[in-house]
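Structural characterization, general
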Amino acid sequence: MRIKAAVARTPGADFSIETAELDEPRGDEIRVRIAAVGVCHTDLVARDGAMPFSLPAVLGHEGAGVVDAVGASVTKVKPGDRVAVTFRSCGACERCLRGDPAYCFSMPALNYIGMRPDGSKAIRQGETAVSSNFFGQSSFATYALAYERNVLKLPDDIPFELAAPLGCGIQTGAGGVMLALAAPPGSSILITGGGAVGLSAVMGAAIQGCGTIIVVEPHASRRALALELGATHAIDPAAQADMAAAVRAIVAHGVDYAFDTTGRPEILAATMGCLAPKGVFGIVGIPPAGTPMPGDLGAVLTFGQTVRGIIEGDSDPDVFLPELISHWRAGRLPLEKLVKTFAFDEINAAVAAQHHGDCVKVVLTLDHG
Ligand code: CXF
Ligand code: ZN
């Protein structure tokens, strides 16, 4: 089928809106007419060549829309169903079977390599194969091919533009605190970075009933939003040269939990100095290649601390996304305060607006009229 797609051609350069040919769905594939797709920082990391993802490529991994056609073996959804599309997992390995699909043994092959696991690319432009299958979708396009493992049927009341970012950024932040760290009521947490993932972590911490929720974020508007969403303290790093001192002025023994969404080595290092004894530090921000583990192993040992990476908030999307939708419905996850929509063709302006901090979560909407 002929599609319109935002094609990444050159690292660091704008996306270009082009036409391309999308394969017909194979037996296990689900063609989704994309209505909305969020822009996640990982899309830009892949566009800019920091992930081994060959260009030209169609990225996009927070799609939502309507099922348009399904392969012969698909039973989970049918044409006409409203769906959100998330990361893909195999459903059969030990990790998937224990409810941990974000650590699927086939995670790289199913999400990050730019092609189906058999090496085929689903998108072409003339004789040129275009990297696709990003997170089992490549949804910066009018239509995308997904799979039973990475589609979730949506209830009618959630708009596509709010459902789309649940597929990565929101579940990463909220799940990071609610599932991976499982921060208990009354605990203290430091969240570095107040973008979509960091603010989702704030909402997750508020849902958990954390007693002290400290956000470190340079943009004043995001600090204000963090406080509105449940943060108890918001620190401007420009005004606080010593982050650990600022945090310890609030929680003298350090925080029980820390959650980094920035991936910046100096912030990761400073966060180590904010941890209480037995503190747990979860990292979701993507660091520059080659960044060593933060902190001093002697201190980690002395104080029994934990540092861990978290993928997709440890979410099992079939279980956790419906939970998040219930929290949204009850007013505990006010996604509308984060999301700003742009027309699909405005993708580059949208990316620039997000980069400058003018908005928190950019979601592109597609008009199929
Ligand atoms: C990312 C998280 C860090 C490794 C690459 C994939 N996931 C979502 O955006
Ligand atoms: Zn993402």
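Just above, that's the structure.
The text that follows walks through the structure, step by step, so that each part is easy to find. (Residues numbered from 1 in each chain as written. Chains lettered and ligands numbered in written order. Predicted model: local features only at pLDDT ≥ 70, side-chain atom pairs only at ≥ 80, totals over all residues. Heavy atoms only, no water.)

1. Examining the site of ligand 1
- Taken together, the neighbourhood of ligand 1 is formed by Cys40, Thr42, His61, Tyr112, Phe135, Cys168, Ile286, Ile311 and Glu312.
- At 3.4 Å from an oxygen atom of ligand 1 is found a side-chain nitrogen or oxygen belonging to His61.
- In isolation ligand 1 offers 280 Å² of accessible surface; the protein chains occlude 79% of this area.
- Of the residues in the shell around ligand 1, the class split is six nonpolar, two polar and one charged. (Near = heavy atom within 4 Å. Polar contact = N/O pair within 3.5 Å; in protein donor to acceptor, adjacent residues only side chain to side chain. Areas by Shrake-Rupley, 256 points an atom, 1.4 Å probe, with all protein chains shown as cover. Nonpolar A, V, L, I, M, F, W, Y, C, P; charged D, E, K, R; others polar.)

2. Overview of the coordination of the zinc ion (ligand 2)
- Protein coordination at the zinc ion (ligand 2): the donors are Cys40 (SG), His61 (NE2) and Cys168 (SG), at 2.0 to 2.3 Å from the metal.
- Around the zinc ion (ligand 2), the four donor atoms sit at angles spanning 96 to 129°, and that spread fits a shape best called tetrahedral. (Donors = N, O, S within 2.8 Å, 3.2 Å for Na, K, Ca; no water. Tetrahedral: all angles 85-135°; square planar, octahedral: opposite > 155°, others 65-115°.)

3. A look at the environment of Gly65
- Within the fold, Gly65 resides in strand S5 (residues 63–70).
- On a C-alpha basis, the gap between Gly65 and Asp81 in space is 8.4 Å, while along the polypeptide they are 16 residues apart.
- Ignoring sequence-local partners within four residues, the contact set of Gly65 consists of Val32, Arg33, Ile34, Ala35, Asp81, Arg82, Val83 and Phe160. (Helix = DSSP H or I, 4+ residues; strand = E, 2+ residues; numbered from the N terminus. Contact = heavy atoms within 4.5 Å.)

4. Comments concerning the sheet that holds strand S16 (residues 306–309)
- Here we have six strands laid out as an open sheet, ordered S13-S12-S11-S14-S15-S16, and parallel in their pairing. The open sheet has two free edges, formed respectively by strand S13 (233–235) and S16, since each of these has just one partner strand. Geometrically, the sheet is characterised by an average inter-axis angle of 15° between neighbouring strands, direction not taken into account.
- Direction of pairing for strand S11 (residues 188–192) relative to strand S12 (residues 212–216): parallel, over a ladder of five bridges. Paired with Ile191 across the two strands is Val215, which belongs to S12.
- Against the sheet, helix H9 (residues 265–272) contacts S11, strand S14 (255–260), strand S15 (275–283) and S16, and its axis sits at roughly 155° relative to S15. (Pairing = 2+ DSSP bridges. Axes fitted to C-alpha atoms, helices over the stretch in contact; angles between N-to-C directions.)

5. Concerning the packing of aromatic side chains
- Across all of its chains, the model carries four aromatic pairs by this definition.
- Measuring from centroid to centroid gives 5.6 Å for Phe15 and Phe140, while their planes differ by 80°, and the two rings are edge-to-face. Separated by 125 residues along the polypeptide, Phe15 in the loop between strand S1 (2–8) and strand S2 (16–22) and Phe140 in the loop between strand S8 (128–130) and strand S9 (143–147) bring together distant segments of the chain. Phe140 carries the same exposure label as Phe15, and that label is buried.
- Measuring from centroid to centroid gives 5.0 Å for Phe53 and Phe134, while their planes differ by 70°, and the two rings are edge-to-face. With Phe53 in the loop between helix H1 (41–47) and strand S4 (57–58) and Phe134 in the loop between S8 and S9, this residue pair connects regions lying 81 residues apart in the sequence. (Phe/Tyr/Trp six-rings, centres within 6.5 Å; stacked < 30°, edge-to-face > 60°. Buried < 20%, exposed > 50% of the residue type's maximum accessible area, 1.4 Å probe, protein only.)

6. Side note on the pattern of salt bridges
- Under the definition given, this model contains 21 salt bridges.
- Here Lys361 makes a salt bridge to Glu62, at a shortest N to O gap of 2.9 Å. Taken together, the residues span a long stretch of sequence, with Lys361 in strand S18 (residues 361–365) and Glu62 in the loop between S4 and S5 at a distance of 299 residues.
- A residue is classified by how much of its surface remains accessible, and Glu62, at 0% relative accessible area, is buried.
- A salt bridge links Asp314 to Arg308; the nearest nitrogen and oxygen atoms lie 3.0 Å apart.
- Bridged by salt links that share partners, the residues Asp23, Glu29, Arg116 and Arg124 form one connected network. (Salt bridge = Lys/Arg side-chain N within 4 Å of Asp/Glu carboxyl O.)

7. Observations regarding helix H6 (residues 196–208)
- End to end, H6 covers 18 Å across 13 residues, agreeing with the expected 18 Å (1.5 Å per residue, within 8%).
- The inward-facing, buried residues of H6 abut helix H5 (169–180), S11, S12, helix H7 (220–228), S14 and S18.
- Within two residues after H6, Gly209 carries a phi angle of roughly 85°, on the positive side. (Expected span 1.5 Å × (residues − 1).)

8. Here's the deal with the sheet that holds strand S7 (residues 123–125)
- Strand order in the open sheet formed by five strands is S4-S1-S2-S7-S8, with antiparallel pairing between adjacent strands. The strands lining the two open edges of the sheet, one partner per strand, are S4 and S8.

Purely geometric stuff here, so don't read any function into it on its own.
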